[in-house]
Amino acid sequence: MQPTLAKLLLTLCGLCLLATAGQGFIVSVDAHNEECFFENVEGGTKFGVTFEVIDGGFLDVDIKISGPENHVMHESEKESSGKYTFVAPAKGTYTVCFNNERSSMTPKLVMFSIDVGDAPQRAPGAPGEEEVGHTKLEDMIRELSGTLTSVKHEQEYMHVRDKIHRSVNESTNSRVVLWSTFEALVLILMTVGQVYYLKRFFEVKRVV
């Protein structure tokens, strides 16, 4: 019972760390400008970048992810959203840049997160059976932590999308109401004008 309880407690402790497993940010990238962010990552560590343009222009931005010594790991243009996962080939500073130089005047609002896993830790020498089981359990917790963090970010993105679509729908509905009101006023004015014109026309004929 004790090994099972120990595994359960270890799993719960790993799940409790999920609240701080990922960092989410929202940044405004001005026109003709570039915003870069840096993260120190140990070699062999799994890290991911997730982003989405939530406001501004055509909702697109250029993204570039590079490693130590300016080694480009990913680069793409006019992306609205994306999710990229890498294994750091070496220890160093990794850079994520959002570029809005293609835009003439519209700033872009970008929501993104950088998730860095735990550095791989292996005991020297041949591990025993207990150590192998413990290592497998740690790997499972890390994998579960990464999956739940991804789900959390997806929920945040869906929430933002829902807000954006709701705002667009409300704006469209307001425009439709205003246009319908304008058309109704124009029809009323045309009707009054026609009645007034016909009335004046017959009054002139009577005088003649």
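Residues numbered from 1 in each chain as written. Predicted model: local features only at pLDDT ≥ 70, side-chain atom pairs only at ≥ 80, totals over all residues. Heavy atoms only, no water.

Draft legend 1. Seen up close, the sheet that holds strand β7 (residues 92-99). Strand order in the open sheet formed by four strands is β2-β7-β4-β5, and the pairing between neighbours is antiparallel. What marks the edges here is a single partner per strand, and that holds for β2 (34-41) and β5 (72-79). Each neighbouring strand pair of the sheet contributes to a mean axis angle of 10 degrees, computed without reference to strand direction. Two elements, strand β4 (residues 61-66) and β5, share five bridges in a ladder whose sense is antiparallel. Bridged to Ser66 within β5 is Val72. (Pairing = 2+ DSSP bridges. Helix = DSSP H or I, 4+ residues; strand = E, 2+ residues; numbered from the N terminus. Axes fitted to C-alpha atoms, helices over the stretch in contact; angles between N-to-C directions.)

Draft legend 2. Just the state of the cysteines, in detail. Under the definition given, this model contains one disulfide. Linked covalently through their sulfurs, Cys36 and Cys97 form a disulfide whose S-S length is 2.0 Å. Between Cys36 and Cys97, the S-S torsion sits near 110 degrees, and that sign places the bridge as right-handed. Taken together, the residues Cys36 in strand β2 and Cys97 in strand β7 connect sequence positions 61 residues apart. Of the residues examined, Cys36 reaches a relative accessible area of 27% and is grouped as partly exposed. According to the relative accessible area criterion, Cys97 is buried, its value standing at 9%. (Disulfide = S-S within 2.5 Å. Buried < 20%, exposed > 50% of the residue type's maximum accessible area, 1.4 Å probe, protein only.)

Draft legend 3. Examining the side chain of Thr95 more closely. Looking at where Thr95 falls in the secondary structure, it is placed in strand β7. With residues up to four places along the chain from it excluded, the contact list for Thr95 reads Cys36, Phe37, Phe38, Lys64, Ile65 and Ser66. (Contact = heavy atoms within 4.5 Å.)

Treat this as a map of the structure, not an account of what it does.
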